[in-house]
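Fold and contact review
Single-letter residue listing:
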Amino acid sequence: SDLPGLIHGKLTCDGVGVFNLLHPTDSSWEGGYARIVPAGYESRVVEFTAYENRILIVAPQLPSARALSLSIRRELKVIGSRLANEIAVRGRKG
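Notes on the structure in this doc start here.

Thresholds, definitions, all that
- Counting from 1, residues in each chain are numbered in the order their sequence is written.
- Whole-chain, interface and lining totals are the exception, using all residues; otherwise, since this is a predicted model, local features are given only for residues with pLDDT of at least 70 and side-chain atom pairs are given and counted only at 80 or more.
- Note: side-chain values were computed over all heavy atoms of the structure, leaving out hydrogens and water.
- The buried label applies to any residue whose accessible area, calculated with a 1.4 Å probe on protein chains only, is under 20% of its type's maximum; exposed applies above 50%, and partly exposed to all values in between.
- Numbering goes from the N terminus for both helices and strands, where a helix is a DSSP run of H or I of at least four residues and a strand is a run of E of at least two.
- When we speak of the arc, we mean the arc of directions from the helix axis to the C-beta atoms.
- Between rings of Phe, Tyr and Trp, where Trp is taken as its six-membered ring, a pair exists when centres lie within 6.5 Å; planes separated by under 30 degrees are stacked, by over 60 edge-to-face, and by other angles tilted.
- Among buried residues, the Ala, Val, Leu, Ile, Met, Phe, Trp, Tyr and Cys ones that are joined through side-chain atoms within 4.5 Å form a nonpolar core.
- We call two residues in contact when some of their heavy atoms are within 4.5 Å.
- A pair of strands counts as paired when DSSP detects no fewer than two bridges linking them.
- Under this scheme, a helix contributes an axis fitted over its contacting stretch, all axes are lines through C-alpha atoms, and angles between N-to-C directions fall in the 0 to 180 degree range.
- What a helix is expected to span follows from its residue count: subtract one and scale by 1.5 Å.

Details of helix H2 (residues 29-36)
Residues of H2 that are buried: Trp29, Gly32, Tyr33 and Ile36. For H2, the arc enclosing every buried residue in end-on projection is 100 degrees, short of the 170-degree limit, so these residues lie on one face.

Section: the packing of aromatic side chains
Enumeration according to the criterion identifies two aromatic pairs in this entry. The interplanar angle of 90 degrees and the centroid separation of 6.2 Å between the aromatic rings of Phe48 and Tyr51 together place this pair among those described as edge-to-face. Residue class for Phe48 comes out buried when judged on its relative accessible area of 17%.

A few points about the nonpolar core
Within the largest apolar cluster, 12 residues are counted, these being Val46, Phe48, Ile55, Ile57, Ala59, Leu62, Ala65, Leu68, Leu76, Ala84, Ile87 and Val89. Contacts of Ala65, omitting those with residues within four sequence positions, involve Arg44, Val89, Arg90 and Gly91. One finds Trp29, Tyr41, Val45 and Val58 within the second-largest nonpolar core, a separate group that totals 10 residues.

Description of the sheet that holds strand E1 (residues 17-21)
As a general point, the strands of a sheet are linked pairwise by backbone hydrogen bonds and lie either parallel or antiparallel. Reading across from one edge, E1-E3-E2-E4 is the order of the four strands in this open sheet, with antiparallel pairing throughout. The open sheet has two free edges, formed respectively by E1 and strand E4 (87-91), since each of these has just one partner strand. The sheet shows a mean angle of 20 degrees between the axes of neighbouring strands, direction not considered. Of the strand pairs in this sheet, strand E2 (residues 42-48) and E4 are connected by five bridges, and their pairing is antiparallel. Bridge pairing in E4 places Phe48 opposite Ile87. Together, E2, strand E3 (54-59) and E4 form the strand contacts of helix H3 (residues 65-78), whose direction differs from that of E4 by roughly 155 degrees.

Details of H3
For H3, built from 14 residues, the straight-helix expectation of 20 Å at 1.5 Å per residue is met to within 8% by its first-to-last C-alpha distance of 20 Å. Of all the positions in H3, only Ala65, Leu68, Ser69 and Leu76 are classed as buried. One side of H3 carries all its buried residues, which in axial view fall inside an arc of 100 degrees. When the buried face of H3 is taken as reference, the exposed residues oriented beyond 90 degrees from it are Arg66, Lys77 and Val78. Elements in contact with the buried residues of H3: E2, E3 and E4.

And the structure:
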């Protein structure tokens with residue numbers, strides 16, 4: 001797919017990318033993430049209990065997975081979303 005190359009070309013040193021991803025058909029989740037995340041960038045994965053898709057957040061610097069999870073949960077509660085209690089945020093290596 002051309003998408004990973006296009007993403008790398010659009011991310012800037014002060015930018016943040018947020019991607020809604022479905023499981024790659026030709027590789028694992030980790031393989032899919034590795035194709036999207038540029039070298040030197042951090043990423044966090046937001047997983048939902050009831051959904052297959054995942055959200056990948058990419059930036060030069062990101063809060064810890066714990067801090068990001070608390071922030072997302074807080075904002076989801078503010079808007080009354082039931083997803084506030086159905087997410088898990090994790091960091092990833094690489």
